Amino acid sequence: MKWNAVTAAAGLIAPAHALLRFGCSRLTIQRLDPLVTPGQNPSPHLHQIIGGNSFNVSMTYPDHDLPSLSTCTSCQFTEDLSNYWTAVLFFRARNGTFKRVPQIAQAGMEGTNGGMVVYYMSDALFDTAQRSTVTAFKPGFRMLIGDASYNSREQARDFRQITYTCMENQASRQPESIGFPKTPCKLGIMANHRFPTCWDGVNLDSPNHRDHVAYPESGTFESGGPCPASHPVKIPQILLETVWETSAFNRKEDWPEDGSQPFVWSNGDSQGFSSHADYVFGWDGDSLQRAMDAHTYVSAPMLTSQSIAEQNKCVVKDMVGEDFDSWLTELPGGNEIF
Ligand SMILES: *[C@@H]1O[C@H](CO)[C@@H](O)[C@H](O)[C@H]1NC(C)=O
Ligand SMILES: *[C@@H]1O[C@H](CO)[C@@H](O)[C@H](O)[C@H]1NC(C)=O
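Conventions and cut-offs
Residue indices follow the written sequence of each chain, beginning from 1 at its first position. Chain letters start at A and ligand numbers start at 1, both assigned in the order the entries are written. With pLDDT at 70 or above as the cut-off, local features in this predicted model cover only qualifying residues; side-chain atom pairs require 80 or more to be listed or tallied, and sums for whole chains, interfaces and linings still use all residues. Values reported for side chains reflect all heavy atoms of the structure, with hydrogen atoms and water molecules removed beforehand. The criterion for a disulfide is a pair of cysteine sulfur atoms lying within 2.5 Å. What counts as a helix is a DSSP run of H or I of at least four residues, what counts as a strand is a run of E of at least two, and both are numbered from the N terminus. Three exposure classes are used, based on accessible area relative to the maximum for each residue type with a 1.4 Å probe and protein chains only: buried under 20%, partly exposed in between, and exposed over 50%. A pair of strands counts as paired when DSSP detects no fewer than two bridges linking them. Orientation is described by lines fitted to C-alpha atoms, with helices fitted over the stretch in contact, and by angles between N-to-C directions that extend from 0 to 180 degrees. When two rings of Phe, Tyr or Trp (its six-membered ring) have centres within 6.5 Å they constitute a pair, described as stacked for plane angles under 30 degrees, edge-to-face for angles over 60, and tilted for the intermediate range.

Details of the state of the cysteines
Next up, step 1: Applying the stated criterion to the full structure yields 4 disulfides.
Next up, step 2: Disulfide pairing places C24 opposite C75 at an S-S distance of 2.1 Å. A torsion of 105 degrees about the S-S bond marks the disulfide between C24 and C75 as right-handed. Taken together, the residues C24 in strand β1 (residues 20–24) and C75 in the loop between α2 (66–69) and β4 (83–87) connect sequence positions 51 residues apart.
Next up, step 3: Judged by its relative accessible area of 0%, C24 falls in the buried class.
Next up, step 4: Classification of C75 by relative accessible area gives buried; the value is 0%.
Next up, step 5: Here C166 pairs with C185 through a disulfide, and the sulfurs are 2.1 Å apart.

Put into structure tokens, the structure is as follows:
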């Protein structure tokens, strides 16, 4: 079966989850980045964040233990007190002002306040057997994919599978592009972030938050490619899907007269090559390892599910105190467009 057919089936037919596939509501939107700029309030650009409510300006390990400090999570499985975040998408009007683009829930997850859909897999998404053994992340583990300063297609190719899908409807998954879609997308733009799947087995983090993880040395995760000797431990493939509801901004007369597209990331990127996502592991005890070892595909009976209403209640208070919802004369932080 093709990737898009499976994803569509997972989204539309099996409402709960496939492999580990689950929805998370918005925990908060703030100009904070405890991975890249810990302790700095505000951080350089705005992020949308999901997961456990111990999210804070600084989350260094071992002082900040997510499972013991969080009292709720905005994700479906209550064992997942991790945090995940990406930049925020803005529409730039012809008059130069900016409006934050809302996020929408995927099919079967209606009522979820913004947020993302998270996958953990031990094999390719289309492989229903999920036979491979993967090693769950250890307490304190964190990683980053993408680079907020990248501004070319060549640079973006450093990372595999950070892409966009122009969504006609909820089932749209292909084609994927490396830069922003260039034409209006009827439903919205899905941002896809697939993290590396090989770990050095030692370091929970690295100075650039990337060197302790790697891609398979040949082939891909999907083709079962082996991990390099430098990073021999196979970890689950995390995939984040974020649907930006651009449909309210699709009138051609509001788009730039030079024919370019009007959306920019919160760091100022108007091409889409700087797409990035951050992960701070925070599953309770060995719950993630147990879930991966169960090799289930459409259910996760070993985990505890909460309702979407409960997910939506888990929020973090504003620690920055800036407006990001009005029509803004500049991006939060004053980031220049590039
Ligand atoms: C965030 O950190 C500050 C300073 O350490 C602390 O006072 C506050 O309670 C923390 N907030 C949360 C939600 O843990
Ligand atoms: C700029 O354009 C947007 C979109 O057309 C509009 O909603 C907003 O009011 C305009 N702002 C100003 C200051 O003209």
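The discussion continues.
A word on the sheet that holds strand β3 (residues 47–51)
Next up, step 1: Pairing is antiparallel across the open sheet formed by 5 strands, whose spatial order is β2-β3-β4-β17-β8. A strand with exactly one partner marks an edge of an open sheet, and here the two such strands are β2 (28–30) and β8 (142–145). On average, adjacent strands in this sheet sit at an angle of 20 degrees to one another, irrespective of strand direction.
Next up, step 2: Sheet topology note: the β2/β3 ladder contains 3 bridges and is antiparallel. Note that in β3 the partner of I29 across the bridge is Q48.

As for the pairing of β3
Next up, step 1: Counting buried positions along β3 yields 5 of 5 residues, so the element is predominantly enclosed.
Next up, step 2: Residue alternation in β3 divides its side chains into two sets, H47, I49 and G51 and Q48 and I50, and both sets are buried.
Next up, step 3: Across 5 bridges, the pairing between β3 and β4 is antiparallel. Note that in β4 the partner of I49 across the bridge is W85.

Some points on unusual backbone geometry
Next up, step 1: The peptide bond linking Y61 to P62 adopts the cis configuration, its omega dihedral lying at 10 degrees.
Next up, step 2: With respect to the secondary-structure elements, P62 resides in the loop between β3 and α2.
Next up, step 3: Here the bond from Q174 into P175 is cis, since omega is 0 degrees, no more than 30 degrees from zero.
Next up, step 4: Tracing the chain through its elements places P175 in the loop between β9 (162–167) and β10 (176–177).
Next up, step 5: For Q130, which is not glycine, the phi dihedral falls at a positive 45 degrees.
Next up, step 6: Tracing the sequence through the fold places Q130 in the loop between β7 (116–121) and β8.
Next up, step 7: Positive phi, normally seen in glycine, also occurs at Q161, with a value near 65 degrees.
Next up, step 8: Here Q161 is to be found in the loop between α3 (153–156) and β9.
Next up, step 9: Assessed through its relative accessible area of 30%, Q161 is described here as partly exposed.

A look at the packing of aromatic side chains
Next up, step 1: Enumeration according to the criterion identifies 23 aromatic pairs in this entry.
Next up, step 2: Ring centres 5.2 Å apart and planes at 35 degrees place the aromatic pair Y84 and Y279 in the tilted group. You can see Y84 sitting in strand β4 and its partner Y279 sitting in strand β17 (residues 277–280), a full 195 residues away along the chain.
Next up, step 3: Taking the relative accessible area as the measure of exposure, Y84 reaches 0% and is therefore buried.
Next up, step 4: Overall, Y279 belongs to the buried group, its relative accessible area being 0%.
Next up, step 5: Plain terms: the ring middles of Y164 and F180 are 4.9 Å apart, the flat faces sit at 50 degrees to each other, and that makes the pair tilted. Linking Y164 in strand β9 with F180 in the loop between β10 and β11 (188–194), this pair joins segments that are 16 residues apart in sequence.

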